Amino acid sequence: MNASAERQAALDEELLDLGPGLDARAAHGYASGHGRGGPASKRVVVGYGFWIFLLSDIIIFATLFATYAVLAGATAGGPRSQDLFHPGSVAAETALLLASSFMCGMATLAVERRNQSWTQVALLLTGLLGAGFLALEIREFASLIGRGYGPSRSAFLSAFFTLVGCHGLHVTAGLLWLGTMMAQFLAKGFRQNIRHRYLCFSLFWHTLDIIWVAIFNLVYLVGTTPYV
Amino acid sequence: MSEPSRTVDGGTHPPEGPLFGEQRSLSASVLTYVYGLALAILLTVASFWAAHTELIYGPSVPMAIAVFAVAQMGIHLVFFLHITTAPDNTNNVLALAFGLLIAGLVVFGSLWIMQHLNTNLMPVPPQALP
């Protein structure tokens, strides 16, 4: 036994002493963080990689938020945000997306327990609530464009449609992804790689709700106060 | 949870249980999401309330809404995305910190620079307006 193997054995023994929660991980080569216990499990690596993608997506949205904040006053004689937005519809959209995020969490618990029927039901509800959100948003966009306040009316409206529309496109993509996840669980069961895809989807869906929190607070609530 | 299963890449990992964090009972897990949902609803209602109240000094209303928004985003991160202080999560937290740094630089940097440009630009003569 060479020196590094001895050191590894000593570390393993140390981990085994830490308690019942850690010994199983050490014995199976699980990472306990801090570089001990071997490489991280695939679940942790997949989640980390997708989290980095989501953070880059958040930075894209940060640029759109900055654009909107800079251009919010550039109305070119057209309507201001105070004239256009009403809290009622936004509250409904917010409630739908929050409920959808919660149902996605319930689906996660069903996936962890490999319960096919609950997984399908929870994912279906997640999708229906998300579709309801999207329908309200499309209705709002159609109403704005119908009144002549489309993205070409002013820099403010260009920034508004870019920011909120980009979020809407993400939700649309998320709904497509959700549909394929339901099909994959049905056709292939709870295989490890399918579960990892679902892990990424759930991270994506919850992140969209975080971005919506920023949108409804900045665009719809701060935008309709008389103080900006 | 006894026999390690052989994965595609040939490594041995214990059969995976939870997708996030450690194995817990169903009721405890559901309760975590319910707590998250309740806090999120509370902060959403607080935001809508702050937007239409006379109770807060007017010019500070946008800042109050921003505080509620940041708090709600934190709640979502912890209760829904499970970004926690667990050892498995260290990398995620560091990546989040870096992402927030960049997002903050982009947003506040843009606002700062554009504000200065606006104040330093010459006023536009009326005949130049459309």
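Calculation rules
- Residues numbered from 1 in each chain as written.
- Chains lettered and ligands numbered in written order.
- Predicted model: local features only at pLDDT ≥ 70, side-chain atom pairs only at ≥ 80, totals over all residues.
- Heavy atoms only, no water.
- Helix = DSSP H or I, 4+ residues; strand = E, 2+ residues; numbered from the N terminus.
- Buried < 20%, exposed > 50% of the residue type's maximum accessible area, 1.4 Å probe, protein only.
- Contact = heavy atoms within 4.5 Å.
- Areas by Shrake-Rupley, 256 points an atom, 1.4 Å probe, with all protein chains shown as cover.
- Buried area = accessible area lost by both parts, 1.4 Å probe.
- Salt bridge = Lys/Arg side-chain N within 4 Å of Asp/Glu carboxyl O.
- Polar contact = N/O pair within 3.5 Å; in protein donor to acceptor, adjacent residues only side chain to side chain.
- Nonpolar A, V, L, I, M, F, W, Y, C, P; charged D, E, K, R; others polar.
- Expected span 1.5 Å × (residues − 1).
- Core = buried A, V, L, I, M, F, W, Y, C linked by side-chain atoms within 4.5 Å.
- Phe/Tyr/Trp six-rings, centres within 6.5 Å; stacked < 30°, edge-to-face > 60°.

Enquirer: Got a sec to walk through the overall build of chain B? Specific residues and values, please.
Expert: When you go through chain B residue by residue, the secondary structure sums to three helices and two strands. With 130 residues in all, chain B has 34% of them scored as buried. Counted over contacts in chain B with a minimum sequence separation of 6, partners at least 24 positions apart contribute 38%. If you sum the accessible surface of chain B, you get close to 8,400 Å²; carbon and sulfur atoms cover 72% of it.

Enquirer: I'd like to hear about the interface of chain B and chain A, residue by residue, with values.
Expert: Each partner contributes to the interface: chain B provides 54 residues, whereas chain A provides 56 residues. The junction of chain B with chain A conceals about 5,000 Å² of combined surface from both sides, 73% of it contributed by carbon and sulfur atoms. For the pair chain B and chain A, the number of links is one salt bridge. For Arg-43 of chain A, the salt bridge identified is with Asp-88 of chain B, shortest N-O distance 3.8 Å. Taken together, chain B and chain A are joined by three residue pairs in polar contact (both at pLDDT 80 or more). Secondary-structure elements contributing two or more residues to the side of chain B that touches chain A are strand 2 (12-13), helix 1 (26-51), helix 2 (61-79) and helix 3 (90-120) of chain B. Looking at the side of chain B that touches chain A residue by residue, the class counts come to 33 nonpolar, 18 polar and three charged.

Enquirer: Please provide a residue-by-residue account of helix 2 of chain B, values included.
Expert: Its 19 residues give helix 2 of chain B an end-to-end C-alpha distance of 27 Å, which sits within 8% of 27 Å, the value for a rise of 1.5 Å per residue. Against the buried residues of helix 2 of chain B lie helix 3 (42-71), helix 5 (87-112) and helix 8 (192-221) of chain A together with helix 1 and helix 3 of chain B.

Enquirer: Any chance you could break down the nonpolar core for me, citing the residues and the numbers?
Expert: It is characteristic of soluble globular proteins that their nonpolar side chains tend to be buried jointly. Trp-51, Phe-160, Tyr-198, Trp-212, Ile-215 and Tyr-220 of chain A are the most contacted members of the largest nonpolar core, which has 79 residues in total. Looking at this core, the elements with two or more residues in it are helix 3, helix 5, helix 6 (116-146), helix 7 (155-188) and helix 8 of chain A together with helix 1, helix 2 and helix 3 of chain B. Leaving out residues up to four positions away in the same chain, Tyr-220 of chain A has contacts with Phe-85, Val-90, Glu-140, Phe-160, Val-164, Trp-212 and Ile-215 of chain A.

Enquirer: Describe in detail the environment of Leu-178 of chain A, supporting the description with residues and values.
Expert: Structurally, the position occupied by Leu-178 of chain A is in helix 7. Sequence-distant contacts of Leu-178 of chain A, that is, excluding residues within four places in its chain, are made with Leu-123, Thr-126, Gly-127 and Phe-201 of chain A.

Enquirer: Could you give an account of unusual backbone geometry, naming the residues involved and the relevant values?
Expert: Residues and elements named next belong to chain A. Positive phi, close to 50 degrees, is recorded for Ala-76, a residue that is not glycine. Positioned with a positive phi, Arg-114 is a non-glycine residue whose angle comes to about 55 degrees. Along the chain, Arg-114 turns up in the loop between helix 5 and helix 6.

Enquirer: Tell me about the packing of aromatic side chains, and name the residues and values.
Expert: Residues and elements named next belong to chain A. Applying the stated criterion to the full structure yields 20 aromatic pairs over all chains. With a centroid separation of 5.8 Å and 55 degrees between ring planes, the pair formed by Phe-185 and Tyr-198 is classed as tilted. With a gap of 13 residues between them, Phe-185 in helix 7 and Tyr-198 in helix 8 connect regions that are remote in the sequence. We note that Phe-185, like Tyr-198, is buried. Members of the aromatic cluster, connected to one another through ring pairs, are Phe-50, Phe-53, Trp-177, Phe-185, Phe-190, Tyr-198, Phe-201, Phe-204 and Trp-205.

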